Protein chains: 10
Amino acid sequence: MTTKPSKDLETFPNPQPGRDYTIRITIPEFTCLCPKTGQPDFATISLEYVPASLCVELKALKLYMWSFRDEGAFHEAVTNEMLNHIVSAIHPNFMRIRAEFNVRGGIYTTVIAEHKNPVWEAPDLINLP
Amino acid sequence: MTTKPSKDLETFPNPQPGRDYTIRITIPEFTCLCPKTGQPDFATISLEYVPASLCVELKALKLYMWSFRDEGAFHEAVTNEMLNHIVSAIHPNFMRIRAEFNVRGGIYTTVIAEHKNPVWEAPDLINLP
Amino acid sequence: MTTKPSKDLETFPNPQPGRDYTIRITIPEFTCLCPKTGQPDFATISLEYVPASLCVELKALKLYMWSFRDEGAFHEAVTNEMLNHIVSAIHPNFMRIRAEFNVRGGIYTTVIAEHKNPVWEAPDLINLP
Amino acid sequence: MTTKPSKDLETFPNPQPGRDYTIRITIPEFTCLCPKTGQPDFATISLEYVPASLCVELKALKLYMWSFRDEGAFHEAVTNEMLNHIVSAIHPNFMRIRAEFNVRGGIYTTVIAEHKNPVWEAPDLINLP
Amino acid sequence: MTTKPSKDLETFPNPQPGRDYTIRITIPEFTCLCPKTGQPDFATISLEYVPASLCVELKALKLYMWSFRDEGAFHEAVTNEMLNHIVSAIHPNFMRIRAEFNVRGGIYTTVIAEHKNPVWEAPDLINLP
Amino acid sequence: MTTKPSKDLETFPNPQPGRDYTIRITIPEFTCLCPKTGQPDFATISLEYVPASLCVELKALKLYMWSFRDEGAFHEAVTNEMLNHIVSAIHPNFMRIRAEFNVRGGIYTTVIAEHKNPVWEAPDLINLP
Amino acid sequence: MTTKPSKDLETFPNPQPGRDYTIRITIPEFTCLCPKTGQPDFATISLEYVPASLCVELKALKLYMWSFRDEGAFHEAVTNEMLNHIVSAIHPNFMRIRAEFNVRGGIYTTVIAEHKNPVWEAPDLINLP
Amino acid sequence: MTTKPSKDLETFPNPQPGRDYTIRITIPEFTCLCPKTGQPDFATISLEYVPASLCVELKALKLYMWSFRDEGAFHEAVTNEMLNHIVSAIHPNFMRIRAEFNVRGGIYTTVIAEHKNPVWEAPDLINLP
Amino acid sequence: MTTKPSKDLETFPNPQPGRDYTIRITIPEFTCLCPKTGQPDFATISLEYVPASLCVELKALKLYMWSFRDEGAFHEAVTNEMLNHIVSAIHPNFMRIRAEFNVRGGIYTTVIAEHKNPVWEAPDLINLP
Amino acid sequence: MTTKPSKDLETFPNPQPGRDYTIRITIPEFTCLCPKTGQPDFATISLEYVPASLCVELKALKLYMWSFRDEGAFHEAVTNEMLNHIVSAIHPNFMRIRAEFNVRGGIYTTVIAEHKNPVWEAPDLINLP
Ligand SMILES: [Ca+2]
Ligand SMILES: [Ca+2]
Ligand SMILES: [Ca+2]
Ligand SMILES: [Ca+2]
Ligand SMILES: [Ca+2]
Ligand SMILES: [Ca+2]
Ligand SMILES: [Ca+2]
Ligand SMILES: [Ca+2]
Ligand SMILES: [Ca+2]
Ligand SMILES: [Ca+2]
Ligand SMILES: [Ca+2]
Ligand SMILES: [Ca+2]
Ligand SMILES: [Ca+2]
Ligand SMILES: [Ca+2]
Ligand SMILES: [Ca+2]
Ligand SMILES: [Ca+2]
């Protein structure tokens, strides 16, 4: 695996494919460029997913996030684009991406998008007291 | 776009119109005048919405918030008025506004109002463990 | 309106009567007397309600809270009494009162009571991801 | 009422018997002895309940907690024992006890047990936005 | 019981077998080796379970966690392995394990897996207001 | 000792008169009346002192704080008055009072006053790294 | 006293003129206009001072802060201007002003200025352990 | 070493006797009895010291703290008594004890006492920026 | 002024040149490249300074921070380089820079460097109680 | 450089040798064995130092911390040993080590040791208001 920014997402086989379980990943070091002004934008990206047969490799995910460093990206569009891209790489049962952008002009913006495999049904969440 | 207070709300096309996703915006810098005393009031305004075909432009939203700076505004009325105004501009599937006013006379007040497009149904929320 | 403690609760017409919305009020400055020892008790009182045709006026609510300053009041009883009193003044669709008393003898006590208009049904809560 | 440790739980009549409401009590000053080593254990005990015809008197509850000071008590057993004891004193519609023990050997342990009167049904929880 | 790392999990009988109640355990001192680099990894492990006829002994659980100290362990695999192991020792009605790994390369990862006895049904969670 | 509000401050002999040591007391339950509006004010009162031959009794201090409940009191004046009063009762080597008033009109006010016995010299404070 | 924005600062006599004591005031509701862009700026203003013969009246201070609402003000200049203005009104022994501006362009700015009466000497600060 | 409450304080030789360094110990699990009412009191005890030739053994310190469990103890007296006792066991260059008692009657009390070997001088504290 | 990354630092005249006062600036959005691995590094940069005749313009400072986005930079060297650069632009009486880098390999690193004009003397800091 | 635990500490030349500046490093992932029980201990190690001609390389410092993983280590001794070892590698003007051990038996312990080059004098710390 290279250590350069890359749109390729490496994967590995889910080690417990018969069980619905949750993987949560938080990346506080996302930066891209504002397409209007060309100036840097900063965000924290969070993923949570239920893997099907594949998991996303963490180092590759880091290089993928790095690949936006010199790209212009609108908040709403880039969040959906990331979701589309990662979903097409690992076809999870469920994936949610949350992009929390740093304040600009006194305004805080967060965009959350999710994908569900239509044939997968989320198990009932057990909330113990 | 001007940089003066304005009741006009600029919009842009939703970049992922086929997906229900969430946009959250927090504006801690809202100020208006108390209609009883004429003195300044301060509040934090939070929006969350699921766009239909349009999104609200952030800089225009900031100028819209600015437009209340010299207006008298009752807590309950202004929250509903904002909701009515923004909904009429972008016709979202769902929008909720939360106005958290600063303490006055030892009393903290928050008003929350929401609009749902009657033909839109919120997807079941998936809560992973 | 006087600025003396008062059991009278002033009201005003709900400015958006066709919409179920939430008003939350927190009053950290409630004090009454312990009916057993005669010593001062302190509490934070929180209300949340969905107005019907009337809202409760904030300054009158403050004077109402003040009216307990020289009264003896058991925790469980005074919380229910406040709820009964305010409900009879504004007939809300829903009201919940939470009274969080300061620690006494190493024990923290909170009492929460609520009233629902039996012909009103709470709208389904939309929880966006 | 004595001010000695006591297994007796004084009660008083519920002042609003026709309404389901919540009483929450937190006691951060519970201590007993570890039955294996004889050394002191410390915990925070929290109760929440919906009274039926009786409420538990706070000072008596404090003396009851005091009564464990010189007793050996396993985490799982003592939490259930307390619940059984208090339920038999006031027959609440619902009661939950949470015992959060201090760290031992780098391990934090909490035990939560609850009792529901089988003929009582919890009202639907109204969550306002 | 020895005080050496051990894969054996001691158990004891559930002291209140007729009641569904919750035991929560947090172990902030888990360390293993990264199977790729051989370097130490650190995590906080949390368990929550509803016991059937057996509970897991806390000191044995600590020695079990210790047994990973010199083993290589992938995040996703070790979380599922622990769950499988502890479930096979105490056959709980329900168990959830959460492994929160320390940040590596600017990325925070958490894995959550759970097991439910298929013939056990979680009681409705009572949420008091 | 009575349990009524009282300007009398009970004292007891300092149990370690040959050593300069610190006693800190915080009373979050102070309330008086605003002398301009007659409405209740609330504050947290903190004392720190180095006793000479006398210490102030805690329950008497509580009754002393209670004695302001129905008095009008300006922020700056009442803080100095309390200091003068307690100093004249126990003649400490040093005493500092901090009165942190609740917000009014969006303004937070704190007044801090202190007294030093002119023949007493504070020992050098040892700050360990 | 009027309730309009005003550059006049009302004062009152120091109630304890023979003692050096501290008055701290925090005003989280300051807003002015950016002199470059005309857009609103927001800041929290904190004062601490040792009065000489005069104290500043709190309501007048609030109206003074209000008077900047429609004025353009550079961060560094306005902080010094406020200090100059308030010092000339009450001639304190010491005054410090801290202006903490809200984030702009990802940059947080705070300006702190202070005035000392040259013939006044600060008493040694007693730090008890 | 026994595992029973004990007034004996075991010691061990300072492993780096030629260097002034700091040992800080916090014990949040102190409990004794109120000598007035006989009811349990709770406190957090903190020590910081610069050892001379001896250090205090941690397990013995724990048993020492345990020895107060059934003793009546006034706040001011017990803090000084502990200091006297531990100082006589290890003769440190410097020791400070802080006893932070749980709230009683709405009043929080902390007592801090310290001992310095008169022939020892604290090194200047280096505060790096 | 351009809105491109730039090593030029614009300045403006100090509006209160006769007074020593403090300007604090925090920039949480600094990113550069690791000179060993070429991968992005992230840091929060804080400045505090006492201006002489010049202040640094905030927008230019932001563009200056942006200019490191594509440069390799060792932690210790870049902090000193920034200090040297800004000092040579505004010749402040005093300046301190703090660079707090994000965690790498489980290690958190912060570098702090400062410059003082040798003929300037810091005024005694007045600490009010 | 290997990636195995190692007692060797790599160094690099101080990039700004003519200036006293601060380097702070925090390593929350230290683990060793208790020499009494053989069980794992955990601690957070913090260093702060003023370099002379050499700085300590971060990755080597990490491997050095790793080298204690299978060693028995008393709290007081290991802190002093680390200080001695790192000082002998880079001969800093000043170094302080703080070892904050995880709670054992309800007792929290921290050890802080420091070294100063006797011919180096710490510059006066400038504290801006
Ligand atoms: Ca951030
Ligand atoms: Ca749960
Ligand atoms: Ca606010
Ligand atoms: Ca309170
Ligand atoms: Ca929501
Ligand atoms: Ca609610
Ligand atoms: Ca609940
Ligand atoms: Ca308060
Ligand atoms: Ca200290
Ligand atoms: Ca603010
Ligand atoms: Ca102090
Ligand atoms: Ca505690
Ligand atoms: Ca320091
Ligand atoms: Ca950061
Ligand atoms: Ca100060
Ligand atoms: Ca930790």
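Rules used in this analysis
- Residues numbered from 1 in each chain as written.
- Chains lettered and ligands numbered in written order.
- Predicted model: local features only at pLDDT ≥ 70, side-chain atom pairs only at ≥ 80, totals over all residues.
- Heavy atoms only, no water.
- Contact = heavy atoms within 4.5 Å.
- Buried area = accessible area lost by both parts, 1.4 Å probe.
- Salt bridge = Lys/Arg side-chain N within 4 Å of Asp/Glu carboxyl O.
- Polar contact = N/O pair within 3.5 Å; in protein donor to acceptor, adjacent residues only side chain to side chain.
- Helix = DSSP H or I, 4+ residues; strand = E, 2+ residues; numbered from the N terminus.
- Nonpolar A, V, L, I, M, F, W, Y, C, P; charged D, E, K, R; others polar.
- UniProt positions renumbered as here; feature names shortened; annotations may be inferred.
- Buried < 20%, exposed > 50% of the residue type's maximum accessible area, 1.4 Å probe, protein only.
- Least-squares fit on C-alpha atoms with pLDDT ≥ 70 in both.

What's the story with the interface of chain E and chain A in this structure? I'm lost.
Many descriptions give the size of an interface as the accessible area lost when the pieces come together. Listed as interface residues are 29 residues of chain E and, on the opposing side, 21 residues of chain A. A combined buried area of about 2200 Å² lies between chain E and chain A, and 56% of that area is made up of carbon and sulfur atoms. At the junction of chain E with chain A, the criterion picks out one salt bridge. For the pair chain E and chain A, the interface holds 10 residue pairs in polar contact (both at pLDDT 80 or more). For the side of chain E that touches chain A, the secondary structure elements donating two or more residues are strand 2 (22-33), strand 3 (40-50), helix 2 (75-90), strand 5 (94-101) and strand 6 (108-116) of chain E. With eight residues, the single largest contributor to the side of chain E that touches chain A is strand 6 of chain E. Classifying every residue of the side of chain E that touches chain A by side-chain character gives 13 nonpolar, eight polar and eight charged.

Got a minute to help me understand the UniProt feature "binding site: substrate" (unreviewed entry) in chain A in this structure?
All names here are of chain A. According to UniProt, the positions carrying the feature "binding site: substrate" (unreviewed entry) are Val56, Glu57, Leu58, His75 and Glu76. A maximum C-alpha distance of 25.0 Å is found for the annotated residues, which run over 21 residues; spatially they are spread out rather than grouped. Its relative accessible area of 1% is what places valine 56 among the buried residues. Every residue in contact with valine 56, bar those within four places of it in the chain, is listed here: Leu9, Glu10, Phe12, Ile25, Tyr49, Leu61 and Ile90. Following the sequence through the fold, glutamate 76 ends up in helix 2 (residues 75-90).

Got a minute to help me understand the relation of the copies chain D and chain J in this structure?
Two copies of the chain are present, and they differ by a rotation about an axis and a shift along that axis. Rotating chain D by 180° and translating it 0.0 Å along the rotation axis places it on chain J, where the RMSD comes to 0.0 Å. Put plainly, the chains are arranged around a two-fold axis. When the interface residues of chain D are mapped onto chain J, 100% of them are again interface residues, pointing to one common binding face.

Can you help me understand the UniProt feature "active site" (unreviewed entry) in chain A in this one?
Residue and element names in this part refer to chain A. If you check UniProt for "active site" (unreviewed entry), the listed places come out as Cys34 and Asp41 in our numbering. Looking at cysteine 34, the relative accessible area reads 17%, which means it is buried. Residues in contact with cysteine 34, not counting those within four places in the same chain, are Gln39 and Asp41. Position of aspartate 41 among the secondary structure elements: in strand 3 (residues 40-50). Among the residues examined, aspartate 41 registers a relative accessible area of 6% and is labelled buried. In this view, aspartate 41 contacts Phe30, Thr31, Cys32, Leu33, Cys34, His75 and Arg104; residues no more than four positions away in its chain are not counted.

Explain the interface of chain D and chain J here, please?
On the chain J side, the residues contacting the five residues of chain D number five residues. Both faces considered, chain D and chain J share a buried interface measuring about 270 Å² in area, 58% of it formed by carbon and sulfur atoms. The largest contributions to the chain D side of the interface with chain J come from D:Val103, D:Arg104 and D:Gly105, which together make up 74% of the buried area. Where chain D packs against chain J, one counts zero salt bridges. Where chain D meets chain J, there are zero residue pairs in polar contact (both at pLDDT 80 or more). Here the residues of the side of chain D that touches chain J sort into two nonpolar, two polar and one charged.

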